[in-house]
Structure formats: C-alpha cells, structure tokens
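Architecture at a glance
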Amino acid sequence: MPRSLLQAVLLVDGYNVVGTWPELKQARDCDGLEAARWKLIEALTNYSAFQGYDTQVVFDAQYRDTASNCEIVTQNLSVHYTDFGQTADTFIERACALFRHDIRKFHSRLIVATSDRAQQLTVVGYGAEWMSSQQLAFEVETAAHRIHRKQRNTQRSPQRFLANSLDPAAQQRLAELRMGVKPKKFRKY
C-alpha cells in the first residue's frame with residue numbers, strides 16, 4: 001500500500017511492549033534483548049502490512065551505546081533508536097506534538113501503543129489515540145490468525161479453477177484435447 005494511502009500512523013513504545021508481552025519477556029530473559037526486539041519487529045511487520053499502518057517502533061537508547069538512527073524494515077515499518085539519554089517517551093511525545101500541527105491529521109490517525117499511564121495521558125492530550133500493549137498484542141494475534149486463515153482458504157480452494165466445475169465427461173474430453181488425443185468416435189456432450 002503506498003504511504004500516501006495509509007490509514008494510520010502507529011507509534012510503538014518498544015521496550016514497554018517487550019516488558020508486557022509474555023512471549024517477548026520470555027525471549028528477553030532467555031535469549032537477550034536483541035532477540036526480543038526482533039520478535040516484536042517481526043510480529044509488527046505482518047500486522048502493519050495487514051492493517052495498512054505506518055508503524056514506527058521506538059526503542060530507548062538506554063540499552064544501546066550509539067547515536068540515534070532509523071532502520072527502514074519495510075514500507076510500512078521503521079525502527080527508531082533514540083539518542084543516548086533520550087527516552088522513547090520523549091521521542092513519542094515530540095512526534096505527537098508535531099502531528100498535532102500536521103495536515104496529515106485530517107487524512108489519517110495517530111495511534112500510540114504503550115501501557116505507560118503517564119504516556120497515555122500525554123499523547124491523548126495531544127490528540128492521538130492510545131492503545132495498551134495488551135490490546136496491541138491481541139490485535140497482532142488476531143490479524144495473524146486472519147492472515148493464516150485467508151492463506152489456508154486460498155490454498156485449499158479447488159473451485160477457483162473453471163475446469164473443476166465441469167462434469168467428469170467434459171473434464172475427460174478437455175484432457176484428451178490437451179494431450180492431442182483424438183476421440184475414437186464422435187461423442188455428444
């Protein structure tokens with residue numbers, strides 16, 4: 001989906017979500033923070049494409065010793081690492097403040113996913129929508145099930161070909177024609 005047609009901008013407080021989703025907490029505790037980050041990014045990649053959201057995952061610099069940067073994962077998903085000393089909260093608040101005065105607000109929504117209560121009140125004050133980390137987890141899981149169901153139905157559907165709706169005699173005759181076999185005698189269908 002082209003960026004100009006996106007229906008919403010979704011800002012995700014990355015470490016807040018990692019700390020609230022059980023499977024991400026387990027990945028963080030067993031495999032490290034990097035593994036948990038990439039599990040979150042993978043889950044949001046499919047969700048963002050399915051929803052048509054411009055998703056921006058924001059991670060604090062507190063766990064990285066580098067300057068701020070932005071990694072484009074897909075056309076619908078980017079990952080932002082804040083400057084050392086800057087929190088994801090301040091990054092998100094600034095984005096909300098800028099969006100408030102942006103013309104895009106008339107054509108799309110701004111949604112912030114975090115379970116931080118103070119952050120919730122701040123972003124709602126700027127006119128953004130708020131979604132809890134648990135609600136985001138539920139929506140991501142629901143979208144994944146819908147995608148899986150849709151793919152399974154597409155793969156199983158034998159009726160999508162016209163030849164499958166023909167009676168067996170007509171299918172046999174088409175097979176003979178395809179293989180260049182001439183019928184032994186003229187048959188009426």
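Here is a short report on the structure shown in this document. (Residues numbered from 1 in each chain as written. Predicted model: local features only at pLDDT ≥ 70, side-chain atom pairs only at ≥ 80, totals over all residues. Heavy atoms only, no water.)

**Quick word on the overall build of the protein**
The number of helices and strands found in the protein is seven helices and six strands. Along the protein, helices (α) and strands (β) appear in the sequence β-α-α-α-β-β-β-α-β-α-β-α-α when read from the amino end. For the protein, buried positions account for 34% of its 189 residues. Taking the contacts inside the protein whose residues are at least 6 apart along the sequence as the reference set, 54% of them involve residues at least 24 apart. Carbon and sulfur atoms make up 54% of the accessible area of the protein, which totals about 11,900 Å². (Helix = DSSP H or I, 4+ residues; strand = E, 2+ residues; numbered from the N terminus. Buried < 20%, exposed > 50% of the residue type's maximum accessible area, 1.4 Å probe, protein only. Contact = heavy atoms within 4.5 Å. Areas by Shrake-Rupley, 256 points an atom, 1.4 Å probe, with all protein chains shown as cover.)

**Some thoughts on the layout of surface pockets**
What the largest pocket holds in volume is close to 320 Å³. Together, 14 residues line the largest pocket, and Trp21, Glu23, Lys39, Ala43 and Val140 are the ones closest to its centre. At the level of elements, helix 2 (22-31), helix 3 (33-51) and helix 6 (133-156) are the ones that each hand at least two residues to the lining of the largest pocket. Per-class residue counts for the lining of the largest pocket are nine nonpolar, one polar and four charged. (1 Å grid on protein atoms, 1.4 Å probe; cavity = no way out; pocket = protein on both sides within 12 Å on 5 of 7 lines; lining within 4 Å. Points joined across faces, edges and corners; volume = space filled by probe spheres on them. Nonpolar A, V, L, I, M, F, W, Y, C, P; charged D, E, K, R; others polar.)

**What about the pairing of strand 1 (residues 8-13)?**
Summarising burial for strand 1: six of the six residues are buried, a large majority. Side-chain alternation along strand 1 places Ala8, Leu10 and Val12 on one buried face and Val9, Leu11 and Asp13 on a second face that is also buried. By the bridge criterion, six bridges tie strand 1 to strand 2 (residues 53-59) in an arrangement that is parallel. Bridge pairing in strand 2 links Val9 to Asp54. Of the strand pairs in this sheet, strand 1 and strand 5 (residues 109-113) are connected by five bridges, and their pairing is parallel. Paired with Ala8 across the strands is Arg109, a residue of strand 5. (Pairing = 2+ DSSP bridges.)

**Some points on a positive patch on the surface**
A surface patch of like charges, here positive, comprises Arg146, Arg149, Lys150 and Arg152. Tracing the sequence through the fold places Arg146 in helix 6. On the accessibility criterion, Arg146 (44% relative accessible area) is partly exposed. (Patch = residues over 30% accessible without salt bridge, like charges linked within 9 Å, V, L, I, M, F, W, Y side chains within 5 Å. Salt bridge = Lys/Arg side-chain N within 4 Å of Asp/Glu carboxyl O. Lys, Arg positive; Asp, Glu negative; His and termini not counted. Charge placed at Lys NZ, Arg CZ, Asp CG, Glu CD.)

**A short note on the environment of Arg94**
If you trace the backbone, Arg94 turns up in helix 4 (residues 88-100). Given the relative accessible area of 56%, Arg94 is considered exposed. A sequence separation of 29 residues divides Arg94 from Val123, and the C-alpha atoms of the two residues are 9.6 Å apart.

**Let's talk about the pattern of salt bridges**
It is possible for side chains of opposite charge to pair when their charged atoms get near one another. In the structure shown here, the tally under the stated rule is three salt bridges. As a salt-bridge pair, Glu34 and Arg37 come within 2.2 Å of each other at their nearest N and O atoms. Of the two residues, Glu34 and Arg37 both sit in helix 3, three residues apart, roughly one turn of that helix. Looking at Arg37, the relative accessible area reads 5%, which means it is buried. Residue Arg109 is joined to Glu129 by a salt bridge in which the shortest nitrogen-to-oxygen separation is 2.8 Å. Pair noted here: Arg109 is in strand 5 and Glu129 is in strand 6 (residues 129-131), with a separation of 20 residues, a long-range link.

**Some words on the packing of aromatic side chains**
Throughout the structure, instances matching the rule amount to three aromatic pairs. Taking the centre distance of 5.7 Å and the plane angle of 20° together, the rings of Phe59 and Tyr81 count as stacked. Of the two residues, Phe59 sits in strand 2 while Tyr81 sits in strand 4 (residues 77-81), which places them 22 residues apart along the sequence. When sorted by exposure, Phe59 lands in the same class as Tyr81, which is buried. Among the aromatic residues, ring-to-ring pairing joins Tyr15, Phe59 and Tyr81 into one connected group. One residue, Arg37, lies across the ring of Phe59, its end atom 5.9 Å from the ring centre. (Phe/Tyr/Trp six-rings, centres within 6.5 Å; stacked < 30°, edge-to-face > 60°. Lys NZ or Arg CZ within 6 Å of the ring centre and 35° of its normal.)

By themselves these figures say nothing about function.
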